[in-house]
Each structure stands twice: as C-alpha cells, then as structure tokens.
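# Residue-level structure breakdown
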Amino acid sequence: MFAFSFYDNYTLIATIDGLILCKLINDSVPDTIDTRVLNLPNSKKPLNAFQITENNNVVITSSKAIGCSVVNIGSSDIADGREHLILGLIWQIIRRGLLSRVSLKEHPELYRLLEDGETIEELLKLPPDQILLRWFNYHLKAAGWHRR
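Rules of the game
- Per chain, residue numbering runs from 1 following the sequence as it is written.
- Note on the predicted model: pLDDT of at least 70 is required for a residue's local features to be given, and 80 or more for side-chain atom pairs to be given and counted; whole-chain, interface and lining totals, by contrast, use all residues.
- As a rule here, side-chain values come from all non-hydrogen atoms in the structure, and water together with hydrogens is ignored.
- Secondary structure elements are defined from DSSP: runs of H or I of at least 4 residues count as helices, runs of E of at least 2 residues count as strands, and each element is numbered from the N terminus.
- The reference for a compact globule is 2.2 Å times residues^0.38; the radius of gyration itself is calculated from the C-alpha atoms.
- Note on exposure labels: buried denotes an accessible area under 20% of the residue type's maximum, exposed denotes more than 50%, and partly exposed covers the range between, all computed with a 1.4 Å probe on protein chains only.
- What counts as a salt bridge is simple: a side-chain nitrogen of Lys or Arg found within 4 Å of a carboxyl oxygen of Asp or Glu.
- Multiplying one less than the number of residues by 1.5 Å gives the expected span of a helix.
- The contact definition used throughout considers only heavy atoms, calling two residues in contact when any of these lie within 4.5 Å.

In terms of regular secondary structure, the chain is built from seven helices and zero strands. For the chain, the succession of helices and strands along the chain, N to C, is α-α-α-α-α-α-α. Taking 2.2 N^0.38 as the reference for a compact globule, 148 residues should give roughly 15 Å; the C-alpha atoms of the chain span a radius of gyration of 20 Å, well beyond that estimate. Taken along the three principal axes of its C-alpha coordinates, the chain extends 65 × 35 × 30 Å. A buried classification covers 30% of the 148 residues belonging to the chain.

Moving on: the pattern of salt bridges. Per the stated rule, a full pass over the model turns up six salt bridges. Two residues, Asp77 and Arg82, come together in a salt bridge whose shortest N-O distance is 2.4 Å. By relative accessible area, which is 12% here, Asp77 ends up buried. Judged by its relative accessible area of 37%, Arg82 is partly exposed. Three or more residues are tied together by salt bridges with common partners; here these are Asp77, Asp80 and Arg82.

For the rest of this paragraph, the subject is helix H5 (residues 83–100). Here H5 is 18 residues long and its end C-alpha atoms lie 26 Å apart, about the 26 Å a rise of 1.5 Å per residue gives. The set of residues buried in H5 consists of Ile86, Leu89, Ile90, Ile93, Gly97 and Leu99.

With that settled, consider helix H7 (residues 128–142). In a regular helix each residue adds 1.5 Å, so 15 residues correspond to 21 Å; H7 covers 21 Å between its end C-alpha atoms and thus fits that length. Within H7, the full set of buried residues consists of Ile131, Arg134 and Leu140. The inward-facing, buried residues of H7 abut helix H6 (120–125). Looking at the residues trailing H7, positive phi occurs at Gly144, about 80°.

Laid out in structure tokens, this is it:
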C-alpha cells in the first residue's frame, strides 16, 4: 500500500466540489461542459452540499459523454473523496485527452510509421493507442534497442 503525501491528499480534496474535474474534462475534450451550468463559490459563501452534488453530477454525465467508464461511481463518491474512484476517473479523462491528440492531422510526421506495403489509409484506421505503440517501437528500433 502506498502512502499519500500532503499534495496527493490536497489533490483529492480539491476535486470534491467537481470544479477541477470539470476543467480537466474541458481541457481533454474542449467545450464538453458549458461552464455556466456550474455552481461556483464566491468570497462570502462556499458551496453547499446540494451545489457540490450538482457539480459532481455534471462531472459524471460529461465523463460518460466523452467515453469514460463510470460504472459504480456517483456524485457522492466524488464528494466523499473516494481515492481509487477519483484517481481512476482522472486517469480515464487524461487518457482520453492525450489519445485524442494522436492523429496524422496534428502530427504529419507519423507517416514514418508506415510499414512495408502499408498505405496511409490503413495507418489512419488504427486506433490512437496502436499508433502510439507503433511510434514507441519505431523509436526503440531507431535507437538500436533489441527489445520491442
């Protein structure tokens, strides 16, 4: 079992109201959440439990919308700070955002990954995680590394 440091606990505490998770979702997949629907604290009054639940419900529905698996996770799990569920959701959101940026449109240099006899259309049909794996193996080969 790993011990959490102050910063790890602070990260989890900061996600309880759902606002940071909403920002993370919008960073991974822009314009997923209209920020006008979020309840924001002001300097005089923090968010109450109902507002936190509303924000966390937006997190859950938006996570589903971008393709994250949110089985057995609810707004109360986020509000209660359930570490394994929050960290799992954060990982899925980050993975979704990173893999969405792996494409030939954004990185035309990926044409180098074509194998003998393969067309660019066939390469485009590969899922992003396969393209990323091929990129990694390409660089291992270029570096003369014997294991791939």
